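Next come the chains, spelled out residue by residue.
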Amino acid sequence: MTDSLPGSLAPARERTGAFDALAKTLPADSVVFADRKVLRLHPKARKALSKVRVVPLAAGEAIKSLGTLERVARSLHDVSRSATFVALGGGTIGDVVGVIAHLHKRGVRLIHVPTTLLAGVDSSIGGKGAVNVGTVKNALGVFHGAAETWLCPEFFETLTEAQRREGRLEAWKMVATLDGGTFRRWSLRTPSDAALLREARGLKEAVVRTDPFERKDVRVVLNFGHTFGHVLESLSGYTLPHGDAVGLGMLCALDVGVATGVTPRGVSEAVEVALPNRPRARTELAKLVSKTKLAKVATLLAADKKSSAKALRMVLLEDLGRWRVANVDASVWQRLWKGPWSGRA
Ligand code: GLY
């Protein structure tokens, strides 16, 4: 084992290969928290886990709850602090298992095995774990870095087109905010999902290395699209998947950027055209926005860690690959909410 302190934010050892081969390297006292659906779709993976404890979980925002923490903790009293916990699934499994790994006997070794493109690009990197409380997303969270991340291509092969879109949106977010050159290259020639995964992971890893605990106004860039993305996710009762919510949230951030004079219109248009949520994105946005009262939105924004009710602290684009944090007056987003975001001119 290369890591000393469980949960340390040193870069995880990345291993690529078939899951059944990698699973042979798991210590006998490992506990694998696995998305039930992944186990069903991949009998070979399930078989490879026959010698270790498996805790099947139903993926989705509902699993990120205090109730899950208590239920799981009650079933793990006999598991020692030298155990290795494995998060086998997408972002919601990774998020809740990150918290469990952090809290179990004050912290155990963690391995992330992202099974969605979105988790591969985002939540499996940088050690964030969280659960929701009430309607507030990620209200309680921890930093608990993984010792290893396994990238197993067979899991990505069974993704639906909608799941692929979520991952692609996240990857486009990385290049739009962090790397104008790659954005232009990708715009000219759409990358394969494998290339997109590799390049976007590299960008996120560099950000996390510079600002692991989001204290230096660097990691905050990853929140591009999250301010309104989280609001929309919550307003949908979490039926809108996280990646798609951030995709819509990015449109909001672009509009706010243009309205405040931070984002040149040409940049905003280039990003909107490149995002793989067209052509339905604006209609989806209007559907959620038009039936919601401003007061409800203000409450959700105030509860969000990134904002206060009067002025939103938002990541806005200054150019392709260049961004800054701006304080946005409430009147700006309220005007957009009542107008173009609701589908009214
Ligand atoms: N998903 C945002 C972050 O990892 O900081």
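Up top you'll find the structure we're talking about.
Here's what I pulled together on the structure shown here. In this text, all values refer to a predicted model and were calculated from it rather than measured experimentally. (Residues numbered from 1 in each chain as written. Predicted model: local features only at pLDDT ≥ 70, side-chain atom pairs only at ≥ 80, totals over all residues. Heavy atoms only, no water.)

**Observations concerning the environment of Leu66**
Our working definition: Helix and strand assignments come from DSSP, with helices taken as H or I runs of at least 4 residues and strands as E runs of at least 2, each series counted from the N terminus. Only protein chains enter the area calculation, which uses a 1.4 Å probe; residues under 20% of their type maximum are buried, those over 50% are exposed, and those in between are partly exposed. Note on definitions: a residue-residue contact is assigned when non-hydrogen atoms from the two residues lie within 4.5 Å.
Topologically, Leu66 is positioned in helix α4 (residues 66-75). By relative accessible area, Leu66 is classed as partly exposed at 44%. When the C-alpha atoms of Leu66 and Glu14 are compared, they prove to be 30 Å apart, with 52 residues separating the residues in sequence. Discounting residues that sit within four places of it in the chain, Leu66 has contacts with Val131, Val133 and Leu140.

**Focus: the site of the ligand**
Applied cut-off: Any residue with a heavy atom positioned within 4 Å of a molecule or strand is treated as near that molecule or strand. Here a polar contact is taken to be a pair of N or O atoms separated by no more than 3.5 Å, where protein atoms must pair a possible hydrogen donor with a possible acceptor and residues adjacent in sequence count only if both atoms sit in side chains. Accessible areas in this description were obtained via Shrake-Rupley with a 1.4 Å probe; residue shielding takes into account the shown protein chains only. We call Asp, Glu, Lys and Arg charged. Ala, Val, Leu, Ile, Met, Phe, Trp, Tyr, Cys and Pro are nonpolar, and the rest, Gly among them, are polar.
Near the ligand you find Asp122, Lys128, Lys204, Glu214, Arg219 and Leu222, and these make up its full shell. Within the side chain of Asp122, one N or O atom sits 3.0 Å away from a nitrogen atom of the ligand. In the complex, 90% of the free accessible area of the ligand, which totals 200 Å², lies under the protein chains. Split into classes, the residues belonging to the shell around the ligand amount to 1 nonpolar, no polar and 5 charged.

**Re the nonpolar core**
If you look at soluble globular proteins, the nonpolar side chains tend to sit buried side by side. Note the threshold: Among buried residues, those of type Ala, Val, Leu, Ile, Met, Phe, Trp, Tyr and Cys that are joined through side-chain atoms within 4.5 Å constitute a nonpolar core.
Core analysis: the largest hydrophobic core is formed by 61 residues, its most contacted members being Phe228, Trp333, Trp337 and Trp341. Of the residues forming this core, the biggest block, 9 residues, is contributed by helix α12 (residues 242-259). Excluding residues within four positions of it along the chain, Phe228 makes contact with Gly249, Cys252, Leu301, Leu312, Met314, Trp333, Trp337 and Trp341. Core analysis: the next-biggest nonpolar cluster, separate from the first, contains 23 residues, Val79, Ala87, Ala101 and Val142 among them.

**Section: the pattern of salt bridges**
Rule in force here: Between Lys or Arg on one side and Asp or Glu on the other, a salt bridge is scored when a side-chain nitrogen of the former is within 4 Å of a carboxyl oxygen of the latter.
According to the stated counting rule, one finds 27 salt bridges in the structure shown. A salt bridge links Glu161 to Arg168; the shortest N-O distance between them is 2.8 Å. Judged by relative accessible area, Arg168 falls into the partly exposed class, the value being 21%. With a shortest N-O distance of 3.2 Å, Arg322 and Glu318 are connected by a salt bridge. Given a relative accessible area of 23%, Glu318 falls into the partly exposed group. Sharing partners across several salt bridges, the network here consists of Glu61, Lys64, Asp95, Lys137 and Glu233.

**Describing helix α13 (residues 265-274)**
Let me state the cut-off plainly: Taking the helix axis as origin, the arc is that swept by the directions to the C-beta atoms.
Regarding α13, the residues found buried are Val267, Ser268, Val271, Glu272 and Ala274. Viewed end-on, α13 has its buried residues packed into an arc of 165 degrees, placing them on one side of the element. Every exposed residue of α13 that faces more than 90 degrees away from the buried side is listed here: Arg265 and Val273. Residues of α13 that are buried sit in contact with α8 (161-178), α9 (180-188), α12, α14 (281-290) and β9 (311-319).

**Overview of unusual backbone geometry**
The omega angle of the peptide bond from Arg278 to Pro279 is 0 degrees, so this bond is cis rather than trans. Examined against the element boundaries, Pro279 turns out to sit in the loop between α13 and α14. The phi torsion at Asp217 lies on the positive side, around 55 degrees, for a residue other than glycine. Its location among the elements puts Asp217 in the loop between α10 (193-210) and α11 (226-235).

**Some words on the side chain of Asn138**
Tracing the chain through its elements places Asn138 in strand β7 (residues 136-143). Asn138 gets classed as buried once you look at its relative accessible area, which sits at 17%.

**A short note on the packing of aromatic side chains**
Each aromatic ring pair is characterised by the separation of its centres together with the angle its planes make. To be explicit about the condition: Only rings of Phe, Tyr and Trp enter the pairing, Trp through its six-membered ring, and a pair is recorded when the two centres are within 6.5 Å. The plane angle decides the type: under 30 degrees is stacked, over 60 is edge-to-face, the rest tilted.
Considering all chains together, one arrives at 11 aromatic pairs under this definition. With centroids separated by 5.2 Å and ring planes inclined at 90 degrees, the aromatic side chains of Phe143 and Phe213 adopt a geometry described as edge-to-face. Taken together, the positions of Phe143 in strand β7 and Phe213 in the loop between α10 and α11 put the pair 70 residues apart, joining distant regions of the chain. A residue is classified by how much of its surface remains accessible, and Phe143, at 24% relative accessible area, is partly exposed.

**Observations regarding the pairing of β7**
Keep this limit in mind: Between any two strands, at least two bridges found by DSSP are needed for them to pair.
Relative to β7, strand β6 (residues 128-133) is paired through 5 bridges, and the arrangement is antiparallel. Looking at β7, one finds that Val133 is bridged to Val136. Where β6 hands over to β7, the hairpin turn is made up of 2 residues, of which Gly134 adopts a positive phi near 60 degrees.

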